[in-house]
Structure formats: C-alpha cells, structure tokens
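Coordinate analysis (summary)
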Amino acid sequence: MRNKIGIIGGGQLGRMLSLAAKPLGFEIIILDPQENCPAAQVADKHIVASFKDKKPVLQLAEEVDYLTYEIESANTEALEEIYNSHTSTGNVMVFPLPKSLDMINDKFLQKELLKKYKIPVSHCAPINSRKDILDFAHMYSYPFMLKARLNAYDGRGNALITCAGDIDRALINLGASKSSGSSLDKVFDFDFSNLYLEAHVNFAKELAIVAARDQEGNFQAYPIVETIQSNNICHFVTAPALVFNTVEDEIHIIAKKIGEILEYVGVFAVEFFLTDSGQVLVNEIAPRVHNSGHFTIEACKTSQFEQHIRAITGIPLGKTDLISPATMVNLLGDSHAPLNIYGRDQLLSMENTYLHIYGKDSCKPERKMGHITCLDSSLQQAFENAKRAKDIIKLNSHEDH
Ligand code: ATP
Ligand code: MG
C-alpha cells in the first residue's frame, strides 16, 4: 500500500498538512534543517537536513511513496531527478510537478508567463543597471516596487520606492549590494540579477483564491477571500469576499486557467489586486497551501490541507463549500522573545473561535506564530470577533498579561 508522504519544509504549512494527513492513515516524513520544527512535532519522522541540497531530498524520496513541498525554495533539480527516475522503493509520485514550480518560482518570469497567456498583471521590468530603475520611474512614475525574484515571503523581498533617494537603501535592504557594509557614503556596486521592478497598484481591495487540481485535471476552488495586509504582511483574511459576480467569475476563470497552464496537481493560491474601477490584476501565484486558505480548516467542508493530500495521493477531491462566514487573523511575533501564550483561557471561552499555535519556540517581529479563526453567521461579526480575539491573546513575555 502506498502510504508514506514526504514533505519538504517543516514550517506551519507542513505541520497543518501533516495534521490533515494523519487521520486519513498516512505516515509523514518531514525534511527540514531545524530540529523540532513545527511540522516535525506532529510527523512520524524528521530528516534534519537542508532541503536546498540535493542529497537529503533524494534520501527522503527513498523512504516515501509521495513527495510534496510546503516551500517554493525546494531543490527543483533533485525533484526533477526523482520525478524522472525510479528509487529502490518504486516510483515516487512528485506533486506538484517540478516543472510547475519551475515555471513560477522566479516572480518576474511568473509575471511574464501570465502576460503571455493574457492574464492581467501590473507593469513590470527586469533590471540590469541603476538606469533601468530611473527609466522605469520615468515611465510609470513614483511610487513603484522593487522586488526580489526568488525566495521572497511575507513581504521580505519587497521595497516601496517613493523617490530616487529611496533606491540605494532599498537595494541594500534587498541584499543587492556587492560591497561590504551598509553606509550610503560608499560607492555601491550592485548585483541586480535577483531583482525586478513592478508598478505600484492603487488597489481598492486585495483578494485571493485557493484552488485544487487533481491528477485527472478536475478543478475545485474555495470561496474567494479578502486579505488585509499591513506593512506587506497578511493580518486578516475574511471569507467570503464581498465582490460583484463579474469579479468572482473572472477570478474563477483565471485560477482555472493558471491550473491548466501549470499542469498543476495539488492546492495552489492566486493573490489579486482589485482596483476601484473593478479591474482584477494577478499579484502572484503560490504553488502550495496558503495563508489565505487557513480559514478552510473550520469554515469549509474540506480543508485546503486535506484537499492537497487528496490531490497528490489520488483520492477524489473533497467539497469546498463554505459552512460559515469566517475571519482568520494571523498571530505575529512583536519582539525577540521566547513564546509565552497569555489570554488563552479567555480566548477559548469565545464561541466558534479556534486557536492554532504553530509550535515555534521563539517569537521574532512579524514572525507568524499561529492564527485564530472566528466563525459567525454574520461576516461583519466574524471580523469583529477576530479583532477582539487578536487583542486578547498575547504571545510574548509581558509581565502585565
Ligand atoms: P506573501 O508571502 O505574504 O505572499 P510576498 O513576499 O510574496 O508575500 P507580495 O505578495 O509580492 O510579497 O507582496 C506582499 C504585499 O505587498 C501585497 O499583498 C500587497 O499588499 C503589497 N504589494 C506587493 N506588490 C504590490 C504592488 N505592485 N502594488 C501595491 N501593493 C503591492
Ligand atoms: Mg503575496
């Protein structure tokens, strides 16, 4: 019986995938360099090694029937090799296909791919010199975004450029400086190869859709959600998003088309900007379960995590219907401190309120430590409850809580 799933990456997404796979009878092996990482705490086995290296990925493949990942930075070369060959245990099924990941893990090439298929995105351009940045400013005016092409998450690869004076600091912050030190007095020599430029979108709302595609190409989408970010990081997700049917239809068509273009198998998310005039632009595709789908654990008939396990192991996809309106709120660290949870009793005395702590041992500013989902028959009330819930729970060691 094919029963063992290997997950590359051991963060909260790997943890929630494991928690969904276990009741279905699967065994889980995690590959992650960090001892006692969130997923390893709930999995059957943990290989403590880097997933960026080829050898540990190949070792994981020797031990499992299915291989999947929770991070985009997996070693795609190793995934390709496993996909193309047999291991001693038989054929390992690698989903999503390595080529799907390959098509989109460079954010700039992802935008080019979307443009090729006439899927609307904001203007963007590669950079080879400082002049390219100034030319872009001339063409699209300030402000605009300077973004990392690879390995960006939670807004950490993004910088907003509001005037020419912001450029050097942003290049340094995004790690493009080839000189040592960070003093702006020095003449900097920059490496632009991991960066690209993107016009700033003056959006009315940010929306996202989580969808699944199985090995036969069957497609199931979850209700569209509104995501609320501050400082480039997601704070709240409300489901369902209140949008016109035309917007909803367009988003469904785009998500389905993206699934087909990527020949995708598994769960993926697409983030969108919705402008005042009702125009929908794709912000980015995430080839994995996603923060904007955490609400599905309690609010939908099948969670995004179970759905991913179903898709990659060939179990028919589950229903994605919304059971109740919901708001999810991320619990972010606010300082460097050991994790201490305050207010849990009071929080859990709130009805229809669900706490998920990820098992990270220490907080860092803006690090995702957990989330709370509040359900209510009124969407507005679910949002109010989530705001209250967030104020009740405290994750750091403040004596006054
Ligand atoms: P995550 O991992 O949370 O998805 P990320 O690091 O991949 O984040 P992006 O999705 O590119 O980063 O950007 C994070 C947020 O920054 C967006 O949700 C949005 O609020 C803002 N942002 C990014 N690009 C633009 C843009 N072109 N115009 C306006 N706002 C933007
Ligand atoms: Mg994003």
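Up top you'll find the structure we're talking about.
Residues numbered from 1 in each chain as written. Chains lettered and ligands numbered in written order. Predicted model: local features only at pLDDT ≥ 70, side-chain atom pairs only at ≥ 80, totals over all residues. Heavy atoms only, no water.

Observations regarding the nonpolar core
Membership of the largest hydrophobic core comes to 42 residues, with the highest contact counts inside it found for I5, I28, I30, F295 and F305. Contributing elements (two or more residues each) for this core: β1 (4–8), α1 (12–21), β2 (27–32), β10 (203–213), β13 (233–239), β14 (266–275), α10 (304–313) and β16 (326–332). Taken domain by domain, the makeup of this core includes at least three residues from each of domain 1 (4–94) and domain 3 (203–395). With residues near it in sequence (within four places) discarded, I30 still touches I7, G9, G10, S18, C37, A39, A40, A43, K45, H46 and I47. (Core = buried A, V, L, I, M, F, W, Y, C linked by side-chain atoms within 4.5 Å. Buried < 20%, exposed > 50% of the residue type's maximum accessible area, 1.4 Å probe, protein only. Helix = DSSP H or I, 4+ residues; strand = E, 2+ residues; numbered from the N terminus. Domains from an automatic or database assignment. Contact = heavy atoms within 4.5 Å.)

Focus on the sheet that holds strand β6 (residues 124–126)
Read across the sheet, 4 strands follow the order β6-β9-β7-β8 without closing on themselves; strand pairing throughout is antiparallel. Strand pairing shows two members of the sheet lacking a second neighbour, β6 and β8 (158–161), which therefore form its edges. The average angle at which neighbouring strand axes cross in this sheet is 25°, direction not considered. Examined bridge by bridge, β6 and strand β9 (residues 195–199) share 3 bridges and lie antiparallel to one another. By the bridge assignment for β9, P126 is matched with Y196. Each of β6, β7 (144–148), β8 and β9 is contacted by helix α5 (residues 107–116), which is oriented at about 130° to β6, the strand it contacts most. In the packing of helix α6 (residues 130–140) onto the sheet, the strands contacted are β6, β7 and β9, and the crossing angle to β9 comes to about 10°. (Pairing = 2+ DSSP bridges. Axes fitted to C-alpha atoms, helices over the stretch in contact; angles between N-to-C directions.)

As for the pairing of strand β4 (residues 66–69)
Both faces of β4 are covered, namely the face carrying Y66 and T68 and the face carrying L67 and Y69. Here β1 pairs with β4 via 4 bridges, running parallel. Its bridge partner being in β4, G6 is matched across the sheet by L67. Where β4 lies against strand β5 (residues 93–94), 2 bridges are found, and the strand directions are parallel. Paired with L67 across the bridge in β5 is V94.

Re the site of ligand 1
Close to ligand 1 lie 20 residues; K147, G155, E198, E206 and E284 are nearest. Between ligand 1 and E206 there is a distance of 2.6 Å, counted from an oxygen atom to a side-chain nitrogen or oxygen. Notes on ligand 1: free accessible area 620 Å², of which the protein chains cover 92%. Put simply, the parts of the chain that give the shell around ligand 1 at least two residues each are β7, β9, β10, β14 and β15 (280–286). Each residue belonging to the shell around ligand 1 can be placed in one class, and the counts come to 7 nonpolar, 6 polar and 7 charged. (Near = heavy atom within 4 Å. Polar contact = N/O pair within 3.5 Å; in protein donor to acceptor, adjacent residues only side chain to side chain. Areas by Shrake-Rupley, 256 points an atom, 1.4 Å probe, with all protein chains shown as cover. Nonpolar A, V, L, I, M, F, W, Y, C, P; charged D, E, K, R; others polar.)

Thoughts on the coordination of the magnesium ion (ligand 2)
Around the magnesium ion (ligand 2), the protein contributes the donor atoms E271 (OE), E271 (OE) and E284 (OE), which lie 2.0 to 2.7 Å from the metal centre. Linking E271 in strand β14 with E284 in strand β15, this pair joins segments that are 13 residues apart in sequence. Taken as a pair, E271 and E284 share a single burial class, namely buried. (Donors = N, O, S within 2.8 Å, 3.2 Å for Na, K, Ca; no water.)

Quick notes on the packing of α1 against α10
The geometry of α1 relative to α10 is characterised by a closest axis approach of 8 Å and an angle of 70° between their N-to-C directions. Here α10 runs roughly perpendicular to α1, going by the angle between their axes. Residue-level contacts link L13, M16, L17, A20 and A21 of α1 to F305, E306, H308 and I309 of α10. Here the residues of the contact of α1 with α10 sort into 7 nonpolar, 1 polar and 1 charged. (Parallel < 35°, antiparallel > 145°, perpendicular 65-115°, else oblique.)

Some remarks on the environment of D168
Its location among the elements puts D168 in helix α7 (residues 167–173). For the pair D168 and F190, spaced 22 residues apart in sequence, the C-alpha separation works out to 9.2 Å. Reaching out from D168, the side chain makes a polar contact with the side chain of R130 at a distance of 2.9 Å.

Observations concerning the side chain of S100
With respect to the helices and strands, S100 occurs in helix α4 (residues 98–104). One polar contact links the side chain of S100 to the main-chain carbonyl oxygen of L262, over a distance of 2.7 Å.

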